Amino acid sequence: MKILVLNSGSSSVKYALFEDDKQISNGLVERVEDHLATIKEILGNIGKVDAVGHRVVHGGEKYKNSVIIDSDAIETIRDLISLAPLHNGANLAGIEAVAKLYPDITQVAVFDTSFHQSIPDFAYTYAIPISFYEQHKIRKYGFHGTSHKYITNEAGKFLNIAEQNLNLITFHLGNGDSVCAVKNGKSFDTSMGFTPLEGLVMGSRCGDIDPQILIYLAKQKGLSVDEIDKILNKESGLKGICGSSDMRDIEAKAQNGDKLALLALDIFAYRAKKYLGSYAVALGRVDGIVFAGGIGENSPLIRMKILQDLEILGIEIDEQKNQVRSREPFEINTENSKIKILVIHTDEEKEIAKQTMRLAGDN
Ligand code: AMP
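Residues numbered from 1 in each chain as written. Predicted model: local features only at pLDDT ≥ 70, side-chain atom pairs only at ≥ 80, totals over all residues. Heavy atoms only, no water.

Student: Describe the overall build of the chain, and please don't skip the residues or the numbers.
Tutor: In terms of helices and strands, the chain carries 14 helices and twelve strands. The C-alpha radius of gyration computed for the chain amounts to 21 Å, which stays within 12% of the reference 21 Å derived for 363 residues, consistent with globular compactness. Reported as C-alpha extents along the three principal axes, the dimensions of the chain are approximately 55 × 55 × 45 Å. Every one of the 363 residues in the chain was classed for burial, and the buried ones make up 51%. Residue pairs in contact within the chain that sit at least 24 positions apart in sequence constitute 64% of those at least 6 positions apart. Approximately 17,500 Å² of the chain is accessible, and the part contributed by carbon and sulfur atoms is 50%. Looking at charge distribution, the chain has the averaged site of its 41 positive side-chain charges lying 2 Å from that of its 49 negative ones. (Helix = DSSP H or I, 4+ residues; strand = E, 2+ residues; numbered from the N terminus. Rg over C-alpha atoms; globule rule 2.2 N^0.38 Å. Buried < 20%, exposed > 50% of the residue type's maximum accessible area, 1.4 Å probe, protein only. Contact = heavy atoms within 4.5 Å. Areas by Shrake-Rupley, 256 points an atom, 1.4 Å probe, with all protein chains shown as cover. Lys, Arg positive; Asp, Glu negative; His and termini not counted. Charge placed at Lys NZ, Arg CZ, Asp CG, Glu CD.)

Written out as structure tokens, the structure reads:
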């Protein structure tokens, strides 16, 4: 079965072609102005496919799983544009382009939020007036779900533990960063919230801050809503602290003694460590800690900074094993560590292809 995976952004379209579970090609078109023309060209180049799987950022509370796209799904994705203005509109443009070009092709939506729909109400409800949830659906949704689900599956296989018994803390560390507490194979809590701004320190996003700071900036400093939005999403995080959002650059600067780069590394790792501690307590038992994403998979320094001095949790990282580089899953804990520590290459496209194949195959 040939599956095309599409990730339609506001100005780019990423695609990957799968033949059963093997990726056979991929590509990225940038500076996209017209999704229809771009997707026509992609489909023209790769030829006939059996189904198309789309990454859709927001599935709201409706979608706990991936779905075959019909008119009802299209309307729901459209309604959710207000919750993910930067993403759902572009995702929908990709879906509508394929529907126009090939009306008979099966299309599947795979949502970043679905995996986290198992989070219990006491973990997803914010302590603001309940009417904001009831009327405006303001709650924690969580993102990166496709990645957390994929690495949970891979960790289960590697550790040989059935998913219904598997407790993990999964870190997806890249330009965007999130951590998930996985209980019995399902998401129990995650660090991103109503939007992907909450939680860990990210490339240019602040993660958790005192919300009163926003009010201070508006009232005392006279900043507009748009200015605050830009500061928190584009000018904060690692970039805000040391001027660079790229972890490789920051590590290089830190090696040369740059004080702000060193501070950025410490802040990044300390925030992650605090989440690790709180999720260990929330889960009660942890079988494994998993690192994925550009930073999680490639930065022994960050993994070490997050995991060092955690004997209190029975966590011991092996310095030598931590230096290994591999696209295959590998273990970096000592023999004595009570909790396994794994590095797993995440593959969101493969997960989308897998889900698309499952649903399109049943169709
Ligand atoms: P992603 O969004 O998953 O593509 O991850 C991008 C982030 O991974 C950037 O901050 C990169 O600097 C970081 N990254 C990639 N390779 C390395 C590496 N070898 N060491 C440290 N960070 C890396």
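We are not done yet, so read on.
Student: Residues and numbers for the packing of aromatic side chains, please.
Tutor: The geometry of an aromatic ring pair comes down to the distance between the two centres and the angle between the two planes. Enumeration over the complete set of coordinates arrives at six aromatic pairs. For the ring pair tyrosine 63 and phenylalanine 111, a centre distance of 4.7 Å and an interplane angle of 5° mean the geometry is stacked. Here tyrosine 63, found in the loop between strand 4 (51-56) and strand 5 (67-68), pairs with phenylalanine 111, found in strand 6 (residues 106-111); they are 48 residues apart in sequence, far enough to count as distant. With a relative accessible area of 2%, phenylalanine 111 lands in the buried category. With centroids separated by 6.2 Å and ring planes inclined at 65°, the aromatic side chains of phenylalanine 122 and phenylalanine 188 adopt a geometry described as edge-to-face. Here phenylalanine 122, found in helix 4 (residues 121-124), pairs with phenylalanine 188, found in strand 9 (residues 186-190); they are 66 residues apart in sequence, far enough to count as distant. Assessed through its relative accessible area of 63%, phenylalanine 122 is described here as exposed. (Phe/Tyr/Trp six-rings, centres within 6.5 Å; stacked < 30°, edge-to-face > 60°.)

Student: An account of the pairing of strand 2 (residues 13-19) is requested, with residue identities and associated values reported.
Tutor: Among the seven residues that make up strand 2, five are buried, leaving the element largely enclosed by the rest of the structure. Across seven bridges, the pairing between strand 1 (residues 2-8) and strand 2 is antiparallel. Each bridged residue has a counterpart across the sheet, and for leucine 4 the counterpart in strand 2 is leucine 17. Here strand 1 folds back onto strand 2 in antiparallel fashion, the turn holding four residues. In the sheet, strand 2 pairs with strand 3 (residues 22-29) via seven bridges, with the strands oriented antiparallel. Note that in strand 3 the partner of lysine 14 across the bridge is leucine 28. The turn linking strand 2 back onto strand 3 is made up of two residues, and aspartate 20 within it adopts a positive phi angle of 55°. (Pairing = 2+ DSSP bridges.)

Student: Can you lay out the environment of glutamate 33 for me, pointing to particular residues and giving the numbers?
Tutor: As for its position among the elements, glutamate 33 is in the loop between strand 3 and helix 1 (35-46). Since its relative accessible area comes to 81%, glutamate 33 is described here as exposed. As a C-alpha pair, glutamate 33 and phenylalanine 18 span 15 residues in sequence and 26 Å in three-dimensional space.

Student: Give me the sheet that holds strand 10 (residues 288-292): which residues, what numbers.
Tutor: One open sheet accounts for six strands, arranged 9-8-7-10-12-11; its pairing is mixed. Every interior strand has two partners, whereas the edge strands, strand 9 and strand 11 (330-331), have only one. Relative to strand 10, strand 7 (residues 168-173) runs parallel, the two sharing five bridges. Residue pairing across strands places isoleucine 169 opposite isoleucine 289, the latter belonging to strand 10. Strands strand 7, strand 8 (177-183), strand 10, strand 11 and strand 12 (340-343) of the sheet are contacted by helix 6 (residues 145-159), whose axis makes an angle of about 130° with strand 7. Most of the contacts of helix 11 (residues 259-283) go to strand 8, to which it runs at about 15°, and overall it touches strand 7, strand 8, strand 9 and strand 10. (Axes fitted to C-alpha atoms, helices over the stretch in contact; angles between N-to-C directions.)

Student: Summarise the sheet that holds strand 4; cite the residues concerned and give the values.
Tutor: As a general point, the strands of a sheet are linked pairwise by backbone hydrogen bonds and lie either parallel or antiparallel. Pairing within the open sheet is mixed, and its six strands lie in the order 3-2-1-4-6-5. The open sheet has two free edges, formed respectively by strand 3 and strand 5, since each of these has just one partner strand. Of the strands in this sheet, strand 1, strand 4 and strand 6 are in contact with helix 3 (residues 88-101), which crosses strand 4 at around 170°.

Student: Describe helix 14 (residues 348-362), and please don't skip the residues or the numbers.
Tutor: Taking 1.5 Å per residue, 15 residues should reach 21 Å; helix 14 reaches 21 Å between its end C-alpha atoms and fits that length. Of the positions making up helix 14, those classed as buried are Glu351, Ile352, Ala353, Gln355, Thr356, Met357, Leu359 and Ala360. On its buried face, helix 14 sits against strand 1, strand 2, strand 4, strand 5, strand 6 and helix 6. (Expected span 1.5 Å × (residues − 1).)

Student: Quick one: what's the story with the site of the ligand, residue by residue and with numbers?
Tutor: Within the structure, the ligand sits among 13 residues, and Asn175, Asp246, Met247, Arg248 and Gly294 are positioned closest to it. Here an oxygen atom of the ligand sits 2.9 Å away from a polar atom, N or O, in the main chain of asparagine 175. In this structure, an oxygen atom belonging to the ligand sits 3.0 Å away from a main-chain N or O atom of methionine 247. Against a free-state accessible area of 500 Å², the protein chains account for coverage of 75% of the ligand. Elements with a contribution of two residues or more to the shell around the ligand: helix 10 (247-255) and helix 12 (293-298). Here the shell around the ligand takes four residues from helix 12, the largest share from any one element. Its residues assigned to classes, the shell around the ligand comprises two nonpolar, seven polar and four charged. (Near = heavy atom within 4 Å. Polar contact = N/O pair within 3.5 Å; in protein donor to acceptor, adjacent residues only side chain to side chain. Nonpolar A, V, L, I, M, F, W, Y, C, P; charged D, E, K, R; others polar.)

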